[in-house]
Amino acid sequence: MSGIWPGNTKCVAMLTFDVDGVSSWLRRNPDFRFHPSLMSMAEYGPSIATPRILDLLDTYSIKASFYLPGYVAETHTDLVKEIVRRGHEVGHHGYLHESPASLSPREEQSVLEKGTDILTRLTGQRPLGYRAPGWELSERSVELLASQGFLYDSSLMGDDAPYILQGNTSHPLVEIPVHWLLDDAPHFVYAPAANRLGPLRTPDEVFNSWSSEFEGLYRYGRAFTLTMHPQHIGRPGRLLMLERLIRYIQGFPQVQFMRAVDVAQLWAKGPASAVTGGAVASAQAPAPPAPATVSVATAGERASPP
Ligand SMILES: [Zn+2]
């Protein structure tokens, strides 16, 4: 073993897809249901793009992670079952794409349970992974996720490899960190009805950005976690770019594509003695000096799997 990965693996790549469909737009503004063009653009994600993405992943024998809001799951039950049938992970992504930071404690718990119930019913197993809509956890989320039996979260940006979130929780939660740089939305979202006038970058521009970041993560032996939305990445020309990126990454030796849940399992098994120490990754922004009471889920330490 060299670096943080077992065996001779030098870098792990995780392809993740947030199948938001219409949920994120309806959460933003319920009146968007009266905008059929916007709704149809969003619905293209689960209806047209996701099946195509599943075929692309099969072509390269890659298993990936799909995060679904409960509303999207219960309105696309066959799709959820097909994602599972092909060996991919289904993770929790709210019910109607609610950012936990926007919810009261009672609402946050209710949304978490509702989404879990729907995904459990459709997939036959409780989701182990959670990704906060908008990547905005609340200050309570880490404790709540641990208490509800989740293995990992994928919403924070405190490192560029998995780390352990430690706090006042029943068990430590693994963090699979993300970053806006490795997200298709800032590059591709263009929705005038919602006043989202993104830059509409070309596939080549985005390929250059993502492949450059992969090169850096590979050099340092970290994790390449790409977050995509079928309604954005699923346009045909962009999918060809994703295919090109997969081939590019596969051209590097000792790279492994993994599902986020499998990486989290690996980290969860890591013995405490393997904690590398050094920089402390935080679940929250540094807080001002406070009285000497228990701080909730603010400290995380990077640990190596066995
Ligand atoms: Zn989302």
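Caption draft 1: Broad picture of the overall build of the protein. Along its length, the protein carries 11 helices and 13 strands. Residues counted as buried form 43% of the 306 residues belonging to the protein. Considering only intrachain contacts with a sequence separation of at least 6, the fraction spanning at least 24 residues in the protein is 74%.

Caption draft 2: Expanded view of the nonpolar core. With 67 residues, the main nonpolar core has Met14, Leu68 and Ala264 as its most contacted residues. Here this core takes 6 residues from strand S1 (residues 11-18), the largest share from any one element. In this structure, alanine 264 is in contact with Gly129, Leu151, Tyr152, Pro162, Val174 and Ile176, ignoring residues within four places of it in sequence. The next biggest cluster of nonpolar side chains, apart from the first, holds 5 residues, and it includes Trp25, Leu26, Leu38 and Ala42.

Caption draft 3: How the structure looks around the confidence of the model for the protein. Here the protein averages 89 in pLDDT, while 88% of its residues score no lower than 70. Below a pLDDT of 50 lies the segment residues 271-306, which in the model reaches 70 contacts outside its immediate sequence neighbourhood of four places, other chains included.

Caption draft 4: Structural context of helix H8 (residues 203-220). Across its 18 residues, H8 extends 26 Å between first and last C-alpha, which sits within 8% of the 26 Å expected from 1.5 Å per residue. For H8, the full list of buried residues reads Trp210, Phe214 and Leu217. All buried residues of H8 project into a common sector of 65° when viewed along the axis, lining one side. Exposed and oriented more than 90 degrees from the buried face of H8 are Asp204, Asn208, Ser212, Gly216 and Arg219. Next to the buried residues of H8 lie S1, strand S10 (223-228) and helix H10 (236-250). Phi for glycine 221, located one or two positions after H8, is positive at around 70°.

Caption draft 5: Quick peek at helix H5 (residues 105-123). With 19 residues, H5 extends 27 Å from end C-alpha to end C-alpha; this agrees with the ideal 27 Å at 1.5 Å per step. Listed as buried for H5 are Glu108, Val111, Leu112, Gly115, Ile118, Leu119 and Leu122. Taken down its axis, H5 places every buried residue within 135° of arc, on the same side. Opposite the packed face of H5, turned more than 90 degrees from it, sit the exposed residues Pro105 and Arg106. Backbone geometry just downstream of H5 places glycine 124 in the positive-phi region, at approximately 85°.

Rules and cut-offs
- Residues numbered from 1 in each chain as written.
- Predicted model: local features only at pLDDT ≥ 70, side-chain atom pairs only at ≥ 80, totals over all residues.
- Helix = DSSP H or I, 4+ residues; strand = E, 2+ residues; numbered from the N terminus.
- Buried ≥ 20, exposed ≤ 12 C-beta atoms within 10 Å, placed from the backbone.
- Contact = placed C-beta atoms within 7 Å.
- Core = buried A, V, L, I, M, F, W, Y, C linked by C-beta atoms within 7 Å.
- pLDDT = per-residue confidence, 0-100.
- Expected span 1.5 Å × (residues − 1).
- Arc of directions from axis to C-beta.

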